[in-house]
Amino acid sequence: AQSVTQLDSQVPVFEEAPVELRCNYSSSVSVYLFWYVQYPNQGLQLLLKYLSGSTLVKGINGFEAEFNKSQTSFHLRKPSVHISDTAEYFCAVSLYNTDKLIFGTGTRLQVFP
Amino acid sequence: ETGVTQTPRHLVMGMTNKKSLKCEQHLGHNAMYWYKQSAKKPLELMFVYSLEERVENNSVPSRFSPECPNSSHLFLHLHTLQPEDSALYLCASSQEIANGYNEQFFGPGTRLTVL
């Protein structure tokens, strides 16, 4: 069975500081990897996804993530955060040829001025 | 309207009430989904529809009854709910299923409170 672990439930950070949100997954087969963001009172929005190819993936709003197959990780990074990045971030995996997205429990990023 | 819309945004109901949640997608997608989002838990996939046909039901209690009259609309009919059913219910759509790389587009959700 597949699973996604987001070890940090909350990450507080000051504005303009770098941030890394951790995601590890478990799967016996190849997967696609996603990061979604949920702003207050909104649905989830895709930040970026890894399907194949380059392990460094760039997404919207200056975020990027790196796929590490040996460590089964897909950590999300941003070199300098803004107040507006305050939101809940979800890592997810899906299997090839399936419709099912398996989500982690989410990490709440709180950016302080 | 654009994207995925959901109504109502907030709903409070008693355990004996019957209500329905509505989702509409304006993206021309063929697949639609219902998720349940509870605090401190991963999003739970409830139902998947492809071209108006239910293709997945993840052991959801029968007090939740989905309906997909066409590829643009999805309903979740609720009856005799329990307080533990209080959560954010999210609707999503994607181009098609059976391709795990397709992005799912989410609506803003309905915040349900069961008293």
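Since we're looking at a predicted model, the values are computed, not measured.

**What to know about the overall build of chain B**
Right, so step 1: Each helix and strand in chain B was counted, giving zero helices and 11 strands.
Right, so step 2: Moving toward the C terminus, one meets the helices and strands of chain B in the order β-β-β-β-β-β-β-β-β-β-β.
Right, so step 3: The C-alpha atoms of chain B give a radius of gyration of 13 Å, which matches the 13 Å a tight globule of 115 residues would have.
Right, so step 4: Looking at chain B as a whole, 49% of its 115 residues are labelled buried.
Right, so step 5: Surface exposure of chain B reaches about 5400 Å², of which carbon and sulfur atoms provide 48%.

**Observations regarding the nonpolar core**
Right, so step 1: Membership of the largest hydrophobic core comes to 29 residues, with the highest contact counts inside it found for Leu33(A), Trp35(A), Leu47(A), Leu48(A), Phe74(A), Leu76(A) and Tyr89(A).
Right, so step 2: Elements with a contribution of two residues or more to this core: strand E2 (10-14), strand E3 (19-21), strand E5 (31-38), strand E6 (44-50), strand E8 (64-68), strand E9 (73-78), strand E10 (87-95) and strand E12 (107-112) of chain A.
Right, so step 3: Examining the composition of this core, we find that five residues originate from one element, E10(A), more than from any other.
Right, so step 4: If sequence neighbours within four positions are ignored, Phe74(A) has contacts with Cys23(A), Leu33(A), Phe34(A), Trp35(A), Leu48(A), Tyr50(A), Ala65(A), Glu66(A) and Phe67(A).
Right, so step 5: Residues Met46(B), Val60(B), Leu76(B) and Cys91(B) belong to the second largest nonpolar core, which totals 22 residues.

**Observations concerning the pairing of strand E9 (residues 87-94) of chain B**
All names here are of chain B.
Right, so step 1: Of all eight residues in E9, eight are buried, a share of seventy percent or more.
Right, so step 2: The sheet contact formed by strand E4 (residues 31-37) and E9 spans seven bridges and is antiparallel. Bridge pairing in E9 places Met32 opposite Ser93.
Right, so step 3: Taken together, the three bridges between E9 and strand E11 (residues 110-114) define a ladder with antiparallel strand orientation. Its bridge partner lying in E11, Tyr89 is registered against Thr110.

Calculation criteria
Residues numbered from 1 in each chain as written. Chains lettered and ligands numbered in written order. Predicted model: local features only at pLDDT ≥ 70, side-chain atom pairs only at ≥ 80, totals over all residues. Heavy atoms only, no water. Helix = DSSP H or I, 4+ residues; strand = E, 2+ residues; numbered from the N terminus. Rg over C-alpha atoms; globule rule 2.2 N^0.38 Å. Buried < 20%, exposed > 50% of the residue type's maximum accessible area, 1.4 Å probe, protein only. Areas by Shrake-Rupley, 256 points an atom, 1.4 Å probe, with all protein chains shown as cover. Core = buried A, V, L, I, M, F, W, Y, C linked by side-chain atoms within 4.5 Å. Contact = heavy atoms within 4.5 Å. Pairing = 2+ DSSP bridges.

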